[in-house]
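Given next are the chains, with one letter for each unit.
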Amino acid sequence: CIRDSCREHLPPTLAGGCNLASGQINAVIIFTLRGCWVELWVSLLIADATVSRPLGEVGNHGREFPEEKQIPEVVEEMKNRASLSLDAVADEVANKKYLIANSFSAADIMMGYTIMLADRLLGKPLPKKILPYWERLSEREGYQIAQKA
């Protein structure tokens, strides 16, 4: 995750690199540190892509195939994958208010959009574990204004 030539410029807690355990959600945030591009695995883009991908497949399947050629098992599998991914996001924010540094950021905007899509495309209620986070996001003034636009 972190180029060896850049490790010497990092604090000891970050210099160790990444630990991508199976099922762990992470994201890449790239920043410049003393001229080095350093990839820090934090908490978003992969999670967003992991949730968005099956949601996109649900939408694509419905758009690309006439109803009589749709494969319900494919759609259901993608819905289940999206729900499991939302559970992973919920686990990430279980003990904090937002995804990164416990303050509202672009990561939450991106994930909020993804959760909104899930709410519309899953055809069933969002997983209960994600609801507290979704409520925090959707109650924000900016979200309310965007929904009215």
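The rules behind these values
For every chain, the first residue of the written sequence is number 1, and numbering continues from 1 onward in sequence order. Since the coordinates come from a predicted model, pLDDT governs what is reported: local features require at least 70, and pairs of side-chain atoms require 80 or more to be given and counted, while whole-chain, interface and lining totals use all residues. By convention in this description, side-chain values take in all heavy atoms of the structure and omit both hydrogens and water. Exposure categories follow from relative accessible area, calculated using a 1.4 Å probe and restricted to protein chains: below 20% of the type maximum is buried, above 50% is exposed, and the middle band is partly exposed. Only runs of H or I of at least four residues qualify as helices and only runs of E of at least two qualify as strands under DSSP, and these elements are numbered from the N terminus. The arc under discussion is defined with respect to the helix axis, by the directions toward the C-beta atoms. Angles here are taken between N-to-C directions and fall from 0 to 180 degrees, while the axes themselves are lines fitted to C-alpha atoms, restricted in helices to the stretch in contact. The scheme is simple: roughly parallel for angles under 35 degrees, roughly antiparallel for over 145, roughly perpendicular for 65 to 115, oblique for anything else. Left-handed describes a crossing whose near helix is turned anticlockwise from the far helix through less than a right angle; right-handed describes the clockwise counterpart. Note on definitions: a residue-residue contact is assigned when non-hydrogen atoms from the two residues lie within 4.5 Å. Three classes are used, and their members are as follows: Ala, Val, Leu, Ile, Met, Phe, Trp, Tyr, Cys and Pro are nonpolar, Asp, Glu, Lys and Arg are charged, and the others, Gly among them, are polar. Any Lys or Arg side-chain nitrogen found within 4 Å of a carboxyl oxygen on Asp or Glu counts as a salt bridge.

Draft legend 1. View of helix 6 (residues 131-138). Of all the residues in helix 6, the buried ones are Y133, W134, L137 and S138. Axial view of helix 6: buried residues confined to an arc of 125°, hence all on one face.

Draft legend 2. Representation of the environment of K128 in the model. Mapped onto the elements of the fold, K128 is located in the loop between helix 5 (106-121) and helix 6. With 41 residues separating them in the primary sequence, K128 and D87 have C-alpha atoms 8.5 Å apart.

Draft legend 3. Here's a closer look at the packing of helix 5 against helix 6. Interaxial distance between helix 5 and helix 6 falls to 10 Å at its minimum, and their mutual angle equals 110°. Between helix 5 and helix 6, the angle falls in the class roughly perpendicular. Relative to helix 6, the crossing made by helix 5 is left-handed. Contact residues: helix 5 offers D108, M111, G112, I115 and M116, while helix 6 offers Y133, W134 and L137. Looking at the contact of helix 5 with helix 6 residue by residue, the classes come out as six nonpolar, one polar and one charged.

Draft legend 4. Seen up close, the pattern of salt bridges. Using the criterion set out here, one finds six salt bridges in the structure. For E76, the salt bridge identified is with K124, shortest N-O distance 4.0 Å. Linking E76 in helix 4 (residues 72-92) with K124 in the loop between helix 5 and helix 6, this pair joins segments that are 48 residues apart in sequence. Here K129 ties to D91 by a salt bridge, and the two come within 2.7 Å at their closest N and O atoms. Taken as a pair, K129 in the loop between helix 5 and helix 6 and D91 in helix 4 lie far apart in primary sequence, 38 residues in all. Using a relative accessible area of 45% as the deciding quantity, one classes K129 as partly exposed.

Just distances and angles here, no functional claims.
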